[in-house]
Amino acid sequence: MRFDFTQSQPADRYRLLTNFIGPRPIALITTCSPGGHDNAAPMSFFNVFSHEPPIVIVGFSARPDGSEKDTIGNIRRNGEFCVNMVDLALADQMILCGVNFAADVDELEFAGLDAAPCRQIEAARLAETPCAMECRVERIIDYPGRAIVMGEVVEMHVRDDCLDAAGRYVDPSAYQPLARLHADNYIVADRQFELKKPADLSTREVGHVSRETVESR
Ligand SMILES: Cc1cc2nc3c(=O)[nH]c(=O)nc-3n(C[C@H](O)[C@H](O)[C@H](O)COP(=O)(O)O)c2cc1C
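Residues numbered from 1 in each chain as written. Predicted model: local features only at pLDDT ≥ 70, side-chain atom pairs only at ≥ 80, totals over all residues.

Per an unreviewed UniProt entry, the chain goes by the name Flavin reductase family protein and belongs to Aquicoccus porphyridii. The UniProt entry for the chain carries the following comment under Sequence similarities (unreviewed entry): "Belongs to the flavoredoxin family." Quoted verbatim from the Cofactor (unreviewed entry) field of the UniProt record, the comment on the chain reads "FMN". (UniProt positions renumbered as here; feature names shortened; annotations may be inferred.)

Describing the overall build of the chain
Helix and strand counts for the chain come out as 5 helices and 12 strands. Expected size for 217 residues packed as a compact globule is a radius of gyration near 17 Å; at 19 Å, the chain falls within 12% of this value. Seen through its C-alpha atoms, the chain measures out along the principal axes to roughly 60 × 50 × 30 Å. Across the 217 residues that make up the chain, the buried fraction comes to 26%. (Helix = DSSP H or I, 4+ residues; strand = E, 2+ residues; numbered from the N terminus. Rg over C-alpha atoms; globule rule 2.2 N^0.38 Å. Buried ≥ 20, exposed ≤ 12 C-beta atoms within 10 Å, placed from the backbone.)

Some points on the sheet that holds strand S3 (residues 38-43)
One open sheet holds the 7 strands; their spatial order is S3-S2-S6-S9-S10-S5-S4, and the pairing between them is antiparallel. The open sheet terminates on both sides in strands that have one partner only, identified here as S3 and strand S4 (46-51). Looking at each pair of strands side by side, their axes are set apart by 35° on average, direction ignored. As paired elements, strand S6 (residues 80-85) and strand S9 (residues 131-143) share 5 bridges and run antiparallel to each other. Opposite Cys82, over in S9, you have Glu134 as the bridge partner. Contacts from helix H2 (residues 70-78) reach strand S2 (27-32), S3, strand S5 (54-61), S6, S9 and strand S10 (146-158) within the one sheet, and its direction differs from that of S2 by about 55°. (Pairing = 2+ DSSP bridges. Axes fitted to C-alpha atoms, helices over the stretch in contact; angles between N-to-C directions. Contact = placed C-beta atoms within 7 Å.)

Considering the environment of Ser50
The residue Ser50 is located in strand S4 in this model. Of the residues examined, Ser50 has 13 C-beta atoms within 10 Å and is grouped as partly exposed. Placed 41 residues apart in sequence, Ser50 and Gln9 show a C-alpha to C-alpha distance of 31 Å.

So, the sheet that holds strand S12 (residues 186-188)
Strands in a sheet are paired, the pairing made by backbone hydrogen bonds, and the direction either parallel or antiparallel. Strand order in this open sheet of 3 strands is S1-S11-S12, and the pairing throughout is antiparallel. Both outer strands of the open sheet, strand S1 (24-25) and S12, are each paired with one neighbouring strand and no more.

Listed below in C-alpha cells is the structure:
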C-alpha cells in the first residue's frame, strides 16, 4: 500500500507515522503552572538530537478544541521544563498524567508522584524517575496548532542504581525505559542485546578515529 502524504488527512498521517515510527521514548514533562502548581504530562514526540549542544526536542499538538496544552503554555511563559524518563514502575502514574486536566490540577499529587527540586530551573522533577533532565528553551518552532520545542539540557539527575559502579554507563538491568508504540500500546526495553560492527571493518571506515575521541565529540 502507498500513502500520499501530500494528499492525506492529518489524522491518517498521525496514525501512520506513530504506528511505524516507534518505539518512541516517553518524556514525562514537569513544568510550573501560573498558580505555582506542578504540572506533568507525557510526550512521546520526543528524543535527543544533539549532545553538543545537548538538545532534546518535544512536539506538541493542540487539544481537540484547538486550545494549547498546559505544558507548552508553561514552557513558553517560564522558558524551562524538566524531562523525566519513564520506566515500567512509573507506567500507571504516567498514564494518569496524560489526562487533560484543568490547568490548576497538580498532576503529580493526583498521580501520587513525589516532587523533588531541580537545581537550575524552577520546575520540579520527579523523585521516582530513573533520570531527570533540567532544560532551558533553546527555541520554539510554531506551526498552526503545533509547536516544536528545542530544549537545552542544563542538568541531569540519574538515580544511583541506574549506573554502573564507576558511575559512567547505564546499567541495562536497572534502567529499562518504557516507550510508546501504536495507539495505546507500549513496550519495555527488557530484552537488550549488544550488536557491534565487525572489528575487522574498522580500517574501512572513512574518518576512523579512536573510540575515546568519538565519545568525547
Ligand atoms: C504516552 C503518551 C504520549 C503523549 N505524547 C504526546 C506528545 O508527544 N505531544 C502532545 O502534544 N501530547 C502528547 N500526549 C498527550 C498529552 O500527554 C495530554 O494531552 C496531556 O493531558 C497534556 O497535559 P497538559 O495540558 O498538562 O500539558 C501523550 C499522551 C500519552 C499518554
